[in-house]
Amino acid sequence: MSKAARKEGREAALAELGALLGERLTTAHAVRETHGRDESWHAVAMPDAVAFAETTEEVAAIVGICAAHDMPIIPFGAGTSLEGHVSAVHGGLSLDLSRMDRILEVNAADLDVRVEAGVTRKALNEHLRDTGLFFPIDPGANATLGGMVATRASGTNAVRYGTMRENVLALTAVMADGSIVHTGTRARKSSAGYDLTRLLIGSEGTLGVVTEVTLRLYGIPEAVRSGVVPFATLEGAVDAVIETIQSGLPIARIEILDPLSIRACNAYSKLTLAEVPTLFVEFHGTEASVAEQAERFAAIASEHGAGGATWASKAEDRTRLWEARHNAYYAALAYAPGKKGMVTDVCVPISRLAEAISGTLCDLETSFLKAPIVGHVGDGNFHMLLLMDPTDRRDLAEATRLHDLMVARALSLGGTCTGEHGIGEGKIKFLETEHGPGVAVMRAIKQALDPKGILNPGKIFAE
């Protein structure tokens, strides 16, 4: 398609969308700029316009208009992703679903809930508070549940409760031709045909636009105990994690922070933790069970060089602790004013975790860049936040080198190039290395479901 024809098609699409949406379609520069970036270091790529949808049927009408005029569509939730997922690398329409924020149905007896895609995880748990239930997937950011589906999010609770893959029962999605499909049911298992629900989970808006989600819920634990456990060495902390998991101890959260992360968190969150390798842990259960679990963990940790643990059972103390962990990204940015964060994650088999982290630390020892390391290490997932200036060629080259070494090491250890951030535009080059001929199968699925390539183009695959 020629540039002139493409421009004419987009102008026609915007005219039709304006007639449909009125003031809920905007071309204002500030709004477009906000919708052309996420939390990552990637450059802003603005859409031609932003549409604010309010119903599934409206999303279907919007997609149908865009399909008729070959206009790209980039689904947008809260903009908290970390690999450039929402950038409009080919222009087009940013489809903002944040106004689709209704909690449609809570089935307490069956432990499930149906929500629109724009509901955030914090809003859902606030709504559920009086039911005695909660939704456990906690990526840190107050992301929308539709966005969490799109990136197959996980987070601090994944070691016990799993990821979005295990906790989504059914979806409603608008496909590239504007048709509406319903995948899955409220039943806890099914062998009826292809698993379209899992196909859409983690597809990053490239196969369909998720508008409704049915989720598993869990009972709020009778007792919760959180702890901060300092270690003499990072290797000791990692070895304690490995033994804890291998022993079958039912831990709910187990997070690692290196000394640089602790230093940044102390300054940002007004803490006074020792600046040494540290595990943040949490146990869920009855009063008796969490006490026993904490005691067993303390014994394991002691064998690997742990200092005295500090425990918190009061809700306000636990909240302060985990807010500090969740704010580690912003704490690191505040620690290096003027720098951006090239944040990356990998995931390896738990038995290879020490090797993966120690190798990354060795790489960092010879580098001029600073990079805190944190991780959801209970499932072998950890993050490196490279503090760099993307406009400085030397910084960018070094950050890219360290990033690539970390990913290559994870793949060599039987791991993956991303445990939870997704591919987006930032990790495209690693997908073929990891999946080989499987990428051709993925492309075939993309071509079958989105033959015009209008759904979030420029993500997952190189073009």
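Predicted model, so just to flag it, every value in this text is computed and none were measured.

Trainee: Mind showing me how you'd approach the side chain of Asp363 here?
Mentor: Secondary-structure assignment places Asp363 in helix 14 (residues 353–365). Side chain to side chain, Asp363 and Arg409 meet in a polar contact 2.9 Å long. With residues up to four places along the chain from it excluded, the contact list for Asp363 reads Arg401, Leu402, Leu405 and Arg409.

Trainee: I would appreciate a short explanation of the environment of Val31 in the present structure.
Mentor: Here Val31 is to be found in helix 2 (residues 29–34). A residue is classified by how much of its surface remains accessible, and Val31, at 26% relative accessible area, is partly exposed. Through-space distance from the C-alpha of Val31 to that of Val50 is 7.3 Å; in sequence the pair is 19 residues apart. Once you skip the residues sitting within four places of it in the chain, Val31 turns out to touch Thr26, Val50 and Phe52.

Trainee: I would appreciate a short explanation of the sheet that holds strand 10 (residues 209–216) in the present structure.
Mentor: For sheets, the rule is that strands pair by backbone hydrogen bonds, running either parallel or antiparallel. Sheet architecture is open: five strands sit in the order 5-6-10-8-9, paired in antiparallel fashion. Across the chains shown, the open sheet's two edge strands, defined by having one partner strand only, are strand 5 (103–107) and strand 9 (180–184). Averaged over all adjacent pairs, the angle separating strand axes in this sheet is 10°, with direction ignored. By the bridge criterion, six bridges tie strand 8 (residues 168–174) to strand 10 in an arrangement that is antiparallel. If you follow Leu171 over to strand 10, its bridge partner there is Val213. Sheet strands touched by helix 4 (residues 121–128): strand 5, strand 6 (112–116) and strand 10. Its angle to strand 5, the strand with the most contacts, is close to 50°.

Trainee: What is the right way to read helix 9 (residues 234–246) from this model?
Mentor: Since the α-helix packs 3.6 residues into each turn, any two residues three or four apart lie on the same face. In this model helix 9 runs 18 Å from its N-terminal to its C-terminal C-alpha over 13 residues, within 8% of the 18 Å that 1.5 Å per residue would give. Residues of helix 9 that are buried: Leu234, Gly236, Ala237, Val238, Ala240, Val241, Ile242 and Thr244. Just downstream of helix 9, Gly248 is the residue with a positive phi angle, here 80°.

Trainee: Looking at this structure, how should I read the nonpolar core?
Mentor: Buried together is how nonpolar side chains tend to be arranged in soluble globular proteins. Formed by 50 residues in total, the largest nonpolar core has its most connected members in Leu279, Phe297, Phe382 and Leu386. Among the elements that line this core, the one with the most residues is helix 9, at six residues. If sequence neighbours within four positions are ignored, Leu386 has contacts with Lys340, Gly341, Met342, Leu364, Leu369, Lys370, Ala371, Ala399, Leu402 and His403. Core analysis: the second largest hydrophobic core is formed by 26 residues, Val59, Cys66, Ile73 and Leu93 among them.

Trainee: Even after reading the chapter, I still don't get the sheet that holds strand 4 (residues 93–96), so can you show me in this structure?
Mentor: A sheet is described by the order of its strands in space; here four strands give the open sequence 1-2-4-3, paired in mixed fashion. Two strands close off the open sheet at either side, each with one partner strand: strand 1 (25–26) and strand 3 (73–76). As judged from the four bridges shared by strand 2 (residues 49–52) and strand 4, these two strands associate in the parallel manner. Looking across to strand 4, one finds that Ala49 is bridged to Leu93. Strands strand 2, strand 3 and strand 4 of the sheet are contacted by helix 3 (residues 56–68), whose axis makes an angle of about 175° with strand 4.

Trainee: Before we go on, may I ask you to explain the packing of helix 9 against helix 11 (residues 287–303) in this structure?
Mentor: Between helix 9 and helix 11, the shortest axis-to-axis distance is 9 Å and the interhelical angle comes to 140°. Taken together, the axes of helix 9 and helix 11 are oblique relative to one another. Handedness of the helix 9/helix 11 crossing: right-handed. Note on element contacts: helix 11 touches helix 9 through Phe297, Ile300, Ala301 and Glu303, opposite Ala240, Glu243 and Thr244. Broken down by class, the residue content of the contact of helix 9 with helix 11 amounts to four nonpolar, one polar and two charged.

Analysis parameters
- Residues numbered from 1 in each chain as written.
- Predicted model: local features only at pLDDT ≥ 70, side-chain atom pairs only at ≥ 80, totals over all residues.
- Heavy atoms only, no water.
- Helix = DSSP H or I, 4+ residues; strand = E, 2+ residues; numbered from the N terminus.
- Polar contact = N/O pair within 3.5 Å; in protein donor to acceptor, adjacent residues only side chain to side chain.
- Contact = heavy atoms within 4.5 Å.
- Buried < 20%, exposed > 50% of the residue type's maximum accessible area, 1.4 Å probe, protein only.
- Pairing = 2+ DSSP bridges.
- Axes fitted to C-alpha atoms, helices over the stretch in contact; angles between N-to-C directions.
- Expected span 1.5 Å × (residues − 1).
- Core = buried A, V, L, I, M, F, W, Y, C linked by side-chain atoms within 4.5 Å.
- Parallel < 35°, antiparallel > 145°, perpendicular 65-115°, else oblique.
- Left-handed = near helix turned anticlockwise from the far one by under 90°.
- Nonpolar A, V, L, I, M, F, W, Y, C, P; charged D, E, K, R; others polar.

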